[in-house]
Amino acid sequence: MNRVEARLGETVPEEAKVEGIPFRKYLANKLTGEDKPVKKMIDKATVEGEKAASEFLSSVGVDLIEWPYNWQKPEAEKNMAVLDDRNVRIVRIEKVELDPKGHQLIEGSMQIIKEF
């Protein structure tokens, strides 16, 4: 947070520091010149703003953003977003099947499509 605030030249409001998504939305709006109340700054952002936030965070040394797959069980699996695709190397492409609702992996369904 210190690197972000130093680069922005201001303190990030506490409401935007609570979780990753509000922080990213706040940053996206700030970088695209939005001047709204903090509650609106942490609610929605444009695609352009999200891109600007990713580039900004990458420029201050943040490689990825991680958040819980399920907010009711934050200790469970995580989602990750890599901010700069140059930091990713694909080593294998796999195919899996999900249950009819699309929520759970069907055990034993994984197939390797290609390895690099």
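In this report, the structure presented in the accompanying data block is examined. (Residues numbered from 1 in each chain as written. Predicted model: local features only at pLDDT ≥ 70, side-chain atom pairs only at ≥ 80, totals over all residues. Heavy atoms only, no water.)

## Comments concerning the nonpolar core
The following threshold applies: For the purposes of this section, nonpolar cores are sets of buried Ala, Val, Leu, Ile, Met, Phe, Trp, Tyr and Cys residues that join through side-chain atoms within 4.5 Å. For each residue, the accessible area found with a 1.4 Å probe, counting protein chains only, is set against the maximum for its type, and the residue is called buried under 20%, exposed over 50%, and partly exposed in between. Numbering goes from the N terminus for both helices and strands, where a helix is a DSSP run of H or I of at least four residues and a strand is a run of E of at least two.
One finds Val4, Val12, Leu27, Phe56 and Leu57 to be the most contacted residues of the largest nonpolar core, which totals 16 residues. For this core, the secondary-structure elements that each account for two or more residues are α1 (2-8), α3 (20-31) and α5 (47-59). Take this core: its biggest share by element is four residues, from α3.

## Some details on the packing of aromatic side chains
This is how it is decided: Here a Phe, Tyr or Trp ring, Trp counted by its six-membered ring, pairs with any other such ring whose centre lies within 6.5 Å, and the pair is stacked when the planes are under 30 degrees apart, edge-to-face when over 60, and tilted otherwise. Whether a charge sits over a ring depends on NZ of Lys or CZ of Arg being within 6 Å of the ring centre and within 35 degrees of the ring normal.
The full count for this structure, using the stated rule, is zero aromatic pairs. Lying over the aromatic face of Phe56, Arg7 brings its terminal NZ or CZ to 5.9 Å of the ring centre.

## Some thoughts on the packing of α3 against α5
Put simply, the test is: Here an angle of 0 to 180 degrees is reported between the N-to-C directions of two axes, which are lines fitted to C-alpha atoms, with helices fitted over the stretch in contact. An angle below 35 degrees is read as roughly parallel, one above 145 as roughly antiparallel, one from 65 to 115 as roughly perpendicular, and any other as oblique. In this description, contact between two residues means that some pair of their heavy atoms is separated by no more than 4.5 Å. Under the grouping applied here, Gly and all other residues not named as nonpolar or charged are polar, the nonpolar ones being Ala, Val, Leu, Ile, Met, Phe, Trp, Tyr, Cys and Pro and the charged ones Asp, Glu, Lys and Arg.
Where α3 contacts α5, the two axes come as close as 8 Å, and the packing angle between them is 100°. Relative to α5, α3 is oriented roughly perpendicular. In this structure, α3 uses Phe23, Arg24, Lys25, Leu27, Ala28 and Leu31 to contact α5, whose residues at the interface are Gly49, Glu50, Ala52, Ala53, Phe56 and Leu57. In the contact of α3 with α5, the residues fall into eight nonpolar, one polar and three charged.

## Focus on α5
This is how it is decided: To estimate the expected span of a helix, subtract one from its residue number and multiply by 1.5 Å. Within this analysis, the arc is defined by the directions that extend from the helix axis to the C-beta atoms.
Taking 1.5 Å per residue, 13 residues should reach 18 Å; α5 reaches 18 Å between its end C-alpha atoms and fits that length. Turning to α5, its buried residues are Gly49, Glu50, Ala53, Ser54, Phe56 and Leu57. Across the axial projection of α5, the buried residues extend over an arc of 165°, all falling on one side. Exposed residues lying more than 90 degrees from the buried face of α5 are Val47, Glu48 and Lys51. Looking at the buried side of α5, the elements it contacts are α1, α3 and β1 (64-68). Among the residues trailing α5, Gly61 stands out with phi positive, at a value near 95°.

## So, the layout of surface pockets
Unoccupied space between atoms shows up once a probe the size of one water molecule is rolled over them. How we decide: Lining residues are defined by having an atom within 4 Å of a point belonging to a cavity or pocket. Those points lie on a 1 Å grid over the protein atoms alone, cavities being sets where a 1.4 Å probe fits but cannot get out and pockets being open sets with protein on both sides within 12 Å along at least five of seven lines. Grid points are joined across faces, edges and corners, and a volume is the space filled by probe spheres set on the points.
Put simply, the largest pocket is a space of about 250 Å³. Taken together, Tyr69, Asn70, Lys73, Ala76, Glu77, Leu98, His103, Gln104 and Leu105 make up the lining of the largest pocket. Of the residues assigned to the lining of the largest pocket, the class counts are four nonpolar, three polar and two charged.

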